Amino acid sequence: VSLQRVNEILENRLYDDEKFGNKTINNIKGVIEFKDINFGYPNEKQLLRDFNLKLEPNKKIAIVGASGGGKSTIFNLLTRVFDPDSGVISIDGIDIRDLSEQELRKQVSIIRQEPFIFNRTIFENFKLIDEEVSLEEVRKYSKIAYLDDYIMSLPEKYDTILGEGGVNLSGGQKQRLSIARTLLKKSKII
């Protein structure tokens, strides 16, 4: 049974390959629109039904609701972790399915409540975003995220190994590290 499961994954029979377009967005404004979105997870009831939402740029938006109400799903749809069953999600009027994978990943960043921190040094966690980043740049974004003072108080400073999942950091510090990495990425939509 295990070999069968491993083969299913290796042969990629369970999931369709994601298909991306080849469009890019020049001078992105950041207007995000969900039009007539229907979505349900396999073997579960429909989670979003005729969902419509328009997000204007340069605004802070809060999406609140009960657990299991679809908040995380909205962001998973925006980043194409999942595609809707029907409807269109667009950025600046361009269907996100028409964007290249690199363009979508470059323009949109999600800071999760439980961000993934790699079992590497603090500095190496930034180098995963930009291999050429300097310590000066990393410190600049860490200061903006109110994390630099804490890091500089550590004996190894930015060479401190964080441990698997960032076990050496509090929940808030993990989020601040994730914010600083996102700022380094310079995504237009956060």
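These figures come from a predicted structure and were not determined experimentally. (Residues numbered from 1 in each chain as written. Predicted model: local features only at pLDDT ≥ 70, side-chain atom pairs only at ≥ 80, totals over all residues. Heavy atoms only, no water.)

1. Topic: unusual backbone geometry
- One non-glycine residue, asparagine 27, lies in the positive phi region at around 55°.
- For asparagine 27, the location among the structural elements is in the loop between α1 (2-10) and β1 (32-40).
- We classify asparagine 27 as exposed; its relative accessible area is 71%. (Helix = DSSP H or I, 4+ residues; strand = E, 2+ residues; numbered from the N terminus. Buried < 20%, exposed > 50% of the residue type's maximum accessible area, 1.4 Å probe, protein only.)

2. Some points on the pattern of salt bridges
- A complete count under the given rule lists 6 salt bridges for this structure.
- Salt-bridge contacts for glutamate 56 lead to lysine 54; the nearest nitrogen and oxygen are separated by 3.9 Å.
- A relative accessible area of 36% places glutamate 56 in the partly exposed class. (Salt bridge = Lys/Arg side-chain N within 4 Å of Asp/Glu carboxyl O.)

3. A short note on the confidence of the model for the protein
- Overall, the prediction assigns the protein a mean pLDDT of 87, with 96% of residues at 70 or greater.
- At the level of individual helices and strands, the protein shows its lowest average pLDDT in α1, which scores 78, and its highest in helix α5 (residues 135-144), which scores 95. (pLDDT = per-residue confidence, 0-100.)

4. Side note on the pairing of strand β3 (residues 86-91)
- When β1 meets β3, the two strands line up antiparallel, connected through 5 bridges. By the bridge assignment, lysine 35 is partnered in β3 with valine 88.
- Two strands pair when backbone bridges link them, and β3 and strand β4 (residues 94-95) are joined in this way by 2 bridges, in the antiparallel orientation. The residue of β4 that forms the bridge with serine 90 is aspartate 95.
- Where β3 hands over to β4, the hairpin turn is made up of 2 residues, of which aspartate 92 adopts a positive phi near 50°. (Pairing = 2+ DSSP bridges.)

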